[in-house]
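Chain by chain, the residues run as shown.
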Amino acid sequence: MRNITQSILPACLVASTMFIFTSCTTVNTVERAVPVGTKQVIADKRVITDDTLKRKVSIISLNEGMTPGGFLQVQIEVLNQKNSMQDFSYRFEWFDMNGMRVDTPTSVWIPRQIEGQETLSITAVAPTTTAKDFRVKFMENVRDD
Amino acid sequence: MKAKYYSLLLPVSVLLIFGGCATHTRYVETTGPRTIVTTDINIQDFSYAAEDMIKTLLASGALDKTQIQPAMLAISRIVNNTTQQVDTDLLIKKIRVALNQSGKALTTTTMGVGGIAEDPMAQGIQQEKEFYTDKKEPQRMPDFTLSGKIIEKRDRQDDVRQVTYAFQLSLTDNNGLAVWEDEKEISKQSKRGVIGW
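A.B. asks: Quick question: what am I supposed to make of the interface of chain A and chain B here?
C.D. replies: Reports often express the size of an interface as the amount of accessible area lost when the parts come together. Contact with chain A, which involves 24 residues of that partner, is made by 23 residues of chain B. Interface area for chain A against chain B, summed over the two sides, is near 2000 Å², with a carbon-plus-sulfur share of 61%. Seen at the junction of chain A and chain B, the total is one salt bridge. Here chain A is connected to chain B by five residue pairs in polar contact (both at pLDDT 80 or more). Looking at the side of chain A that touches chain B, the elements with two or more residues in it are β5 (110–114) and β6 (119–125) of chain A. With three residues, β6 of chain A is the largest single contributor of residues to the side of chain A that touches chain B.

A.B. asks: Can you help me understand the packing of aromatic side chains in this one?
C.D. replies: All names here are of chain A. Overall, the coordinates contain seven aromatic pairs over all chains when judged by the stated rule. Seen in terms of ring centroids, F88 and F138 are 6.1 Å apart; in terms of plane orientation they differ by 35°. Their pairing is tilted. Of this pair, F88 sits in strand β3 (residues 86–95) while F138 sits in strand β7 (residues 133–140), and the two are 50 residues apart along the sequence. A residue is classified by how much of its surface remains accessible, and F88, at 1% relative accessible area, is buried. Put simply, the rings of Y90, F92, W94 and F134 pair up and form one aromatic cluster.

A.B. asks: Would you mind showing me how to read helix α2 (residues 43–60) of chain B here?
C.D. replies: Note: α-helices contain 3.6 residues per turn, so residues at a spacing of three or four share the same orientation. Look at α2 of chain B: 26 Å from first C-alpha to last across 18 residues, which is about the 26 Å you get at 1.5 Å a residue. Of the residues trailing α2 of chain B, G61 of chain B is marked for its positive phi of about 75°.

A.B. asks: Looking at this structure, how should I read the pairing of β3 of chain A?
C.D. replies: Residues in a regular strand project their side chains so that they alternate between the two faces of the sheet. Residue and element names in this part refer to chain A. For β3, the tally of buried residues reaches nine of 10 residues, placing the bulk of the element in the interior. In this sheet, β7 lies alongside β3 in antiparallel orientation, the contact comprising eight bridges. Bridge pairing in β7 places F95 opposite D133. Here β3 folds back onto strand β4 (residues 101–102), and the loop between the two strands holds five residues, one of which, G99, carries a positive phi near 80°.

A.B. asks: Explanation requested: the pattern of salt bridges in the structure shown.
C.D. replies: All names here are of chain B. A full pass over the atoms with the stated rule returns 15 salt bridges over all chains. For D52, the salt bridge identified is with K55, shortest N-O distance 3.4 Å. Of the two residues, D52 and K55 both sit in helix α2, three residues apart, roughly one turn of that helix. Of the residues examined, K55 reaches a relative accessible area of 13% and is grouped as buried. Where E152 meets R154, a salt bridge forms, and the shortest distance between an N and an O atom there is 2.7 Å.

A.B. asks: Would you mind going over the sheet that holds strand β1 (residues 58–66) of chain A with me for this structure?
C.D. replies: Where strands meet in a sheet, backbone hydrogen bonds hold them as pairs that are either parallel or antiparallel. Read across the open sheet, the three strands follow the order β1-β2-β6 (chain A); overall the sheet is antiparallel. Each edge of the open sheet is held by one strand with a lone partner, namely β1 and β6 of chain A. Adjacent strand axes in the sheet meet at a mean angle of 20° when their direction is disregarded. In the packing of α2 of chain B onto the sheet, contacts are made with β2 (72–79) and β6 of chain A, and the angle to β6 of chain A comes to roughly 70°.

A.B. asks: Is there a simple way to explain the sheet that holds strand β3 (residues 144–157) of chain B in this structure?
C.D. replies: Residue and element names in this part refer to chain B. With mixed pairing, five strands are arranged side by side in an open sheet as β2-β1-β3-β4-β5. The sheet terminates laterally at β2 (105–107) and β5 (178–191), the two strands that pair on one side only. Each strand of the sheet is rotated relative to its neighbour by a mean of 30°, with strand direction disregarded. Judged from the seven bridges that link them, strand β1 (residues 71–81) and β3 form a sheet pairing that is parallel. Residue pairing for β3: V79 is matched across the bridge by K149. Across the face of the sheet, α2 comes into contact with β3, β4 (160–173) and β5 while running at roughly 155° to β5.

A.B. asks: Looking at this structure, I do not really get helix α4 (residues 120–132) of chain B. What am I missing?
C.D. replies: Here α4 of chain B contains 13 residues, and its C-alpha end-to-end distance of 18 Å stays within 8% of the 18 Å for a straight helix at 1.5 Å per residue. Of the residues one or two after α4 of chain B, D134 of chain B is the one with positive phi, at around 50°.

A.B. asks: Looking at this structure, I do not really get the environment of I59 of chain A. What am I missing?
C.D. replies: All names here are of chain A. Position of I59 relative to the elements: it lies in strand β1. Overall, the relative accessible area of 21% leaves I59 in the partly exposed class. Once the C-alpha coordinates of I59 and R46 are considered, the two residues, 13 residues apart in sequence, prove to be 9.3 Å apart. Excluding anything up to four places from it in sequence, I59 contacts R46, I76, E77, V78 and F138.

A.B. asks: Any chance you could explain the nonpolar core here in plain terms?
C.D. replies: For soluble globular proteins, the rule of thumb is that nonpolar side chains tend to be buried together. F92 and W94 of chain A together with L99, L146, F167 and L171 of chain B are the most contacted members of the largest nonpolar core, which has 56 residues in total. It is α2 of chain B that contributes the most residues to this core, eight residues altogether.

A.B. asks: It is not clear to me how the environment of Q101 of chain B should be interpreted in this structure. Could you clarify?
C.D. replies: Mapped onto the elements of the fold, Q101 of chain B is located in helix α3 (residues 89–102). Non-local contacts of Q101 of chain B, meaning those with residues more than four positions away in its chain, are made with D103, T104, P105 and T128 of chain A.

Criteria and cut-off values
Residues numbered from 1 in each chain as written. Chains lettered and ligands numbered in written order. Predicted model: local features only at pLDDT ≥ 70, side-chain atom pairs only at ≥ 80, totals over all residues. Heavy atoms only, no water. Contact = heavy atoms within 4.5 Å. Buried area = accessible area lost by both parts, 1.4 Å probe. Salt bridge = Lys/Arg side-chain N within 4 Å of Asp/Glu carboxyl O. Polar contact = N/O pair within 3.5 Å; in protein donor to acceptor, adjacent residues only side chain to side chain. Helix = DSSP H or I, 4+ residues; strand = E, 2+ residues; numbered from the N terminus. Phe/Tyr/Trp six-rings, centres within 6.5 Å; stacked < 30°, edge-to-face > 60°. Buried < 20%, exposed > 50% of the residue type's maximum accessible area, 1.4 Å probe, protein only. Expected span 1.5 Å × (residues − 1). Pairing = 2+ DSSP bridges. Axes fitted to C-alpha atoms, helices over the stretch in contact; angles between N-to-C directions. Core = buried A, V, L, I, M, F, W, Y, C linked by side-chain atoms within 4.5 Å.

On their own, these measurements won't tell you what the molecule is for.
Shown next, in the form of structure tokens:
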């Protein structure tokens, strides 16, 4: 019995090490030390109800601009703090000056994948020039794989 | 006592059998995250492609360069080069609605590929109106035409199958120049099950 345990234990150790190292693939990045472009970073308000998702898709910054046609353009930078690839979905909602939601056929939950320790930029353009505010929702993948 | 149990056993087992086989159907939000994913082009794939393309089209400012605003758009040929029979309006209508709502472009329904109007009645009314008003000026021609293609590419490696759908759109001005072009690719992978595919 002791012999069996002694032979299984190292095998289990090797297998678990292999599993850990093969399932963790992270992203290395390089960029200009002093960026030329300046982000118009805006203050944000967050409502976190899923702490697991918060670690998978951590919001770093939120910046906005205007397109040549006068549409509000938003970019959100997110980071996957985990060491493995994660699935998530997001959806943009737009609001006019009166806080009324601007309905658009393109307001959909969009699935995305983010690699371990990867930084991802999510961009969106307002559907009308009357859309002045926005809200972004994040959610874990709820579909069965 | 035993007879009482036996009398209950039959209805309970019938309920279990038929209740277990019952189909559960529910509404899901078409644009939501709980729609079915298959290797075919799903309804949400059109939404993802439309969302992405509208975003780049509005950001490009291509529609702002016409003298008369909003720009006039005509829908040209949208080719379905996939193995599936899909109505390309599932993509184009979303783009048309979004452009209409944006106030940047209006789509004509009285002009179409091969002279076939999308709305023949509207075309008839337009022609009649022009005849009775003795219009001398030529009819306003579209500033842009929208054409495109949906392409399917299938790959396989061991028990993993991958299908990619490429949605391509071009906006051409009345000088024949493509002033905006975009491509959105959607890839899906599926693994062969233990039994069948």
